[in-house]
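Descriptive structure summary
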Amino acid sequence: MMWNYVLSTLTAAFVMFAVVVVSRSVFPYWAADWRYSLQLLKLVWNYVRRRRRKPSFFVLDRFLEQRHKHPHKVFLRFQDATFTYLAAEQRSNKIANALRAHAHYTSGDTVALFMANEPDFLFTWLALAQLGSPVALLNHNIRSKSLLHCFNCCSATVLIAAAELREAVEEVGATLQEKGVLVLLMMQHCDTPGLESFSDQVERASDSPVPRSLRSNITFKSPAVYIYTSGTTGLPKAAMVNQNRLLKALAVLSSNGVVSDDVIYLNLPLYHTAGFIIGFIGSIDTGSTIVLKRKFSSSHFWDDCRKYNVTVMQYIGEVMRYLCNTPQREDDRQHKVRLAIGNGIRAEIWREFLKRFGDIQIKEFYASTEGNVGFINYAGKIGAIGRVHFLHRMLFPYSLIRFHPEKEEPLRGSDGLCIPAARGETGLLVSKITDTAPFVGYVQNEEQTEKKKLRNVLKKGDLYFNSGDLMLIDQEDFIYFQDRVGDTFRWKGENVATTEVSDILTLCDCLKEANVYGVQVPGHEGRVGMACVTVKKDGVFDGSQLYDHVFNHLPAYARPRFLRIKEEVEVTATFKQVKVQLVEQNFDPSRVSDPLFILDDKHKTYLPLTHNLYTAVVSGQIKL
Ligand SMILES: *[C@@H]1O[C@H](CO)[C@@H](O)[C@H](O)[C@H]1NC(C)=O
Ligand SMILES: *[C@@H]1O[C@H](CO)[C@@H](O)[C@H](O)[C@H]1NC(C)=O
């Protein structure tokens, strides 16, 4: 009897052991897949639990929980300043009270925030969250027409700007004044008519919490933040992130193993999803310490990590490449960074990064501001952005479909439906729009919202979100990012909308037409801007005039680096075909007979692109 029992237990143990061994060799990602299943379930469970809390629980409430749990813990470090959770709350209370006292502000008004990375960015957001005001996060590089467009499209009535952006605000001041916008500058004193200094008002205000009742009308559908993305046509579009979406995003770091003791190095712009949602909102859930950096700097990166005891870093592809490009140092491996979370790292850079800076876990993910599906490379497969997982796919049904590169639209079969891409074949990522995976769309831009929707994809009458991203799924179920379609390209971590750039180029006196596209350069992430232009009849191309024009009207990342001057634009082929050809021909003087130019910041002009210059660019001697 006893022996039977022992024997059967041993047999069972052996069978279990064998199953594990076999499944580990046949399914090497078995353990990672299971861990991810649990992680997903926990994520859903936590979210559902929070959604059911009464009174309603928002991201701000999570911050207040943390503040009560550890008021004297450091919330934020910036340069040599340190703010505890309590200090952060007090500063945000002051901002909130100063606004409340203002005759031209009512709680709930939409406020645009025009500020580079600095502590007040976070405190102002917390203040506005307390007042129930949605916040539009303006890119601090934009100017004039783009600035007004971004401000207007979310119906903001208040603009809060950093002191150093005063000139940019003054430039559009008259228009804002006409519209009766309240313009507040974070400075002690301001004598420009129509602009008000705000720092002095904040200092005088009380630091006591504002009543909860001020945000009693907020629901999960209320807008929390507006984040701008460059669209395929024209000016940036505002993607509305509502309270529900923000609450869902709250666990982005905690679900990836970030804990309260971690110190997070935030050096990406706060007006983008990566910096704001992943860095800032993510840290609110973990209750960690944020080390905020005004701007990414490859030469200060590791010294900062050592100085502040950073344990978690954020990246975009460029960050990793720049770090690998810095000169090697003795102390390259002396730091406490254990986790890097971000998007866009290339396989070869990934390997080099680990070799050089030591054993850092890299969590590469894919997500977009407005999209309804995201991936995380939880198995740590070098080069991949994620992995097909049954549970994830059940919650967020997505598919890769065949795509026509020149027409830039999905291929359809004789039944009118899209055709799923085969394994190993590049396809367009589309994800089903459902209650769990909604697509809210762009604010006041029905046309662009419609454009992102795809109907009759796998079944008659179904509705999908068109991500505009080309991907591939390999034999092992890993997902790889391939390219971006449409009229945008990425450069230095920013989306550049080609039509916006060509609109601005053609405003220059000497140019007639402009066709803008991105070209690849060895050793660089993304694509650098190039424009194929025609000169006005009887006009003369003037390199320095064009330089001044793009310098004044476009942010640095959007200025075309290369120029190709054609006698006339081709009319025979379709516009898209011409573009594909231009992209292929690149800026190689031995392949292009048209005059080529390169933007030169030193001489403030466009210089003829010689063979020598070309070689210097391709070999990396000239920095782009
Ligand atoms: C909430 O909504 C009601 C009804 O629209 C309104 O009367 C009230 O002033 C709002 N409260 C706040 C704090 O905005
Ligand atoms: C970093 O850690 C060291 C050693 O644990 C400690 O002495 C130092 O004060 C820490 N620095 C910061 C900024 O927390």
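As a reminder, the structure under discussion sits directly above these lines.
These figures come from a predicted structure and were not determined experimentally.

1. As for the overall build of the chain
Check the secondary structure of the chain and you find 20 helices and 30 strands. Projected onto its principal axes, the C-alpha coordinates of the chain cover approximately 105 × 65 × 60 Å. Evaluated residue by residue, the chain yields a buried proportion of 55% over its 624 residues. Sequence separation of 24 or more characterises 68% of the internal contacts of the chain that already satisfy a separation of 6 or more. Working note: accessible area of the chain is about 28,600 Å², and carbon and sulfur atoms make up 54% of it. Put simply, the chain has 74 plus and 65 minus side-chain charges, and the middle of one group is 7 Å from the middle of the other.

2. Overview of the side chain of S297
Along the chain, S297 turns up in the loop between strand 11 (289–292) and helix 12 (301–308). Polar contacts involving the side chain of S297 include one to the main-chain amide nitrogen of H300, which spans 3.1 Å.

3. Quick look at the site of ligand 1
As a matter of local geometry, ligand 1 sits amid S213, L214 and N217. The side chain of N217 places a nitrogen or oxygen atom 2.2 Å from an oxygen atom of ligand 1. In isolation ligand 1 offers 360 Å² of accessible surface; the protein chains occlude 31% of this area.

4. Side note on helix 18 (residues 543–553)
Here helix 18 has its buried residues at G543, L546, Y547, H549 and V550. The buried residues of helix 18 occupy an angular sector of 165 degrees when the element is viewed end-on, so they sit on one face. On its buried side, helix 18 packs onto helix 17 (498–505), strand 26 (511–519), strand 28 (562–566), strand 29 (596–600) and strand 30 (605–608). Two or three places before S544, at the opening of helix 18, D542 has a side-chain oxygen 3.1 Å from that residue's backbone nitrogen.

5. Digging into the packing of aromatic side chains
If you walk through the whole model with that rule in mind, you get 25 aromatic pairs. For the ring pair Y29 and F478, a centre distance of 4.8 Å and an interplane angle of 85 degrees mean the geometry is edge-to-face. Note that Y29 is positioned in the loop between helix 1 (2–26) and helix 2 (30–51) and F478 in strand 23 (residues 478–484), a separation of 449 residues in sequence. Taking relative accessible area as the criterion, Y29 reaches 19% and is therefore assigned buried. Assessed through its relative accessible area of 0%, F478 is described here as buried. Between W302 and F357, the ring centres sit 4.6 Å apart and the planes meet at 25 degrees, which makes this aromatic pair stacked. With W302 in helix 12 and F357 in helix 14 (residues 347–357), this residue pair connects regions lying 55 residues apart in the sequence. On the accessibility criterion, W302 (6% relative accessible area) is buried. What makes F357 buried here is its relative accessible area of 1%. Lying across the ring of F478, R387 places its NZ or CZ 4.8 Å from the centre. Lying across the ring of Y398, R393 places its NZ or CZ 4.5 Å from the centre.

6. Describing unusual backbone geometry
Both trends apply: most residues other than glycine have a negative phi, and most peptide bonds are in trans. Note that the residue after K54, namely P55, is joined by a cis bond; omega there is -5 degrees. At K604, a residue that is not glycine, the phi angle is positive and equals roughly 50 degrees. By the secondary structure assignment, K604 is in the loop between strand 29 and strand 30.

7. With respect to the pairing of strand 22 (residues 463–473)
The side chains of a regular strand alternate between the sheet's two faces. A large share of strand 22 lies buried, amounting to 10 of its 11 residues. In this structure, strand 21 (residues 453–455) lies alongside strand 22, joined through 3 bridges in antiparallel fashion. Paired with R455 across the bridge in strand 22 is L463. Sheet topology places strand 22 next to strand 23; 5 bridges connect them, and they run antiparallel. In the strand pairing of strand 23, M471 is matched with F481. Following strand 22, the chain reverses through 4 residues before pairing antiparallel with strand 23; D477 in that reversal takes a positive phi of roughly 80 degrees.

8. Observations regarding the site of ligand 2
Near ligand 2 you find R77, K307, N309 and K336, and these make up its full shell. Between an oxygen atom of ligand 2 and a side-chain N or O atom of N309, the distance comes to 2.3 Å. Taking 360 Å² as the accessible area of ligand 2 by itself, protein coverage stands at 36%. Looking at side-chain class alone, the shell around ligand 2 contains no nonpolar, 1 polar and 3 charged residues.

9. Brief notes about the sheet that holds strand 2 (residues 81–84)
Read from one edge to the other, the open sheet built from 8 strands follows the order 2-1-11-10-12-13-14-15, with strand pairing classed as mixed. The sheet is open, and its two edges are formed by strand 2 and strand 15 (375–376), each paired on a single side. Pairing of strand 10 (residues 263–266) with strand 11 involves 4 bridges; the strand directions are parallel. Across the sheet, the residue bridging to L266 is L292, located in strand 11. Running over the sheet, helix 11 (residues 273–286) touches strand 1 (74–78), strand 10, strand 11, strand 12 (312–316) and strand 14 (361–366) and is turned about 165 degrees from strand 10. Helix-sheet contacts for helix 13 (residues 317–325) involve strand 12, strand 13 (339–343) and strand 14, and the interaxial angle to strand 12 is about 105 degrees.

10. Observations regarding the pairing of strand 10
Side-chain alternation along strand 10 places V263 and Y265 on one buried face and I264 and L266 on a second face that is also buried. Taken together, strand 10, helix 11 and strand 11 form a β-α-β motif whose crossover is right-handed. In this sheet, strand 12 lies alongside strand 10 in parallel orientation, the contact comprising 2 bridges. If you follow Y265 over to strand 12, its bridge partner there is M313.

Analysis parameters
Residues numbered from 1 in each chain as written. Chains lettered and ligands numbered in written order. Predicted model: local features only at pLDDT ≥ 70, side-chain atom pairs only at ≥ 80, totals over all residues. Heavy atoms only, no water. Helix = DSSP H or I, 4+ residues; strand = E, 2+ residues; numbered from the N terminus. Buried < 20%, exposed > 50% of the residue type's maximum accessible area, 1.4 Å probe, protein only. Contact = heavy atoms within 4.5 Å. Areas by Shrake-Rupley, 256 points an atom, 1.4 Å probe, with all protein chains shown as cover. Lys, Arg positive; Asp, Glu negative; His and termini not counted. Charge placed at Lys NZ, Arg CZ, Asp CG, Glu CD. Polar contact = N/O pair within 3.5 Å; in protein donor to acceptor, adjacent residues only side chain to side chain. Near = heavy atom within 4 Å. Arc of directions from axis to C-beta. Phe/Tyr/Trp six-rings, centres within 6.5 Å; stacked < 30°, edge-to-face > 60°. Lys NZ or Arg CZ within 6 Å of the ring centre and 35° of its normal. Pairing = 2+ DSSP bridges. Nonpolar A, V, L, I, M, F, W, Y, C, P; charged D, E, K, R; others polar. Axes fitted to C-alpha atoms, helices over the stretch in contact; angles between N-to-C directions. Right-handed = clockwise from strand over helix to strand, strands pointing away.

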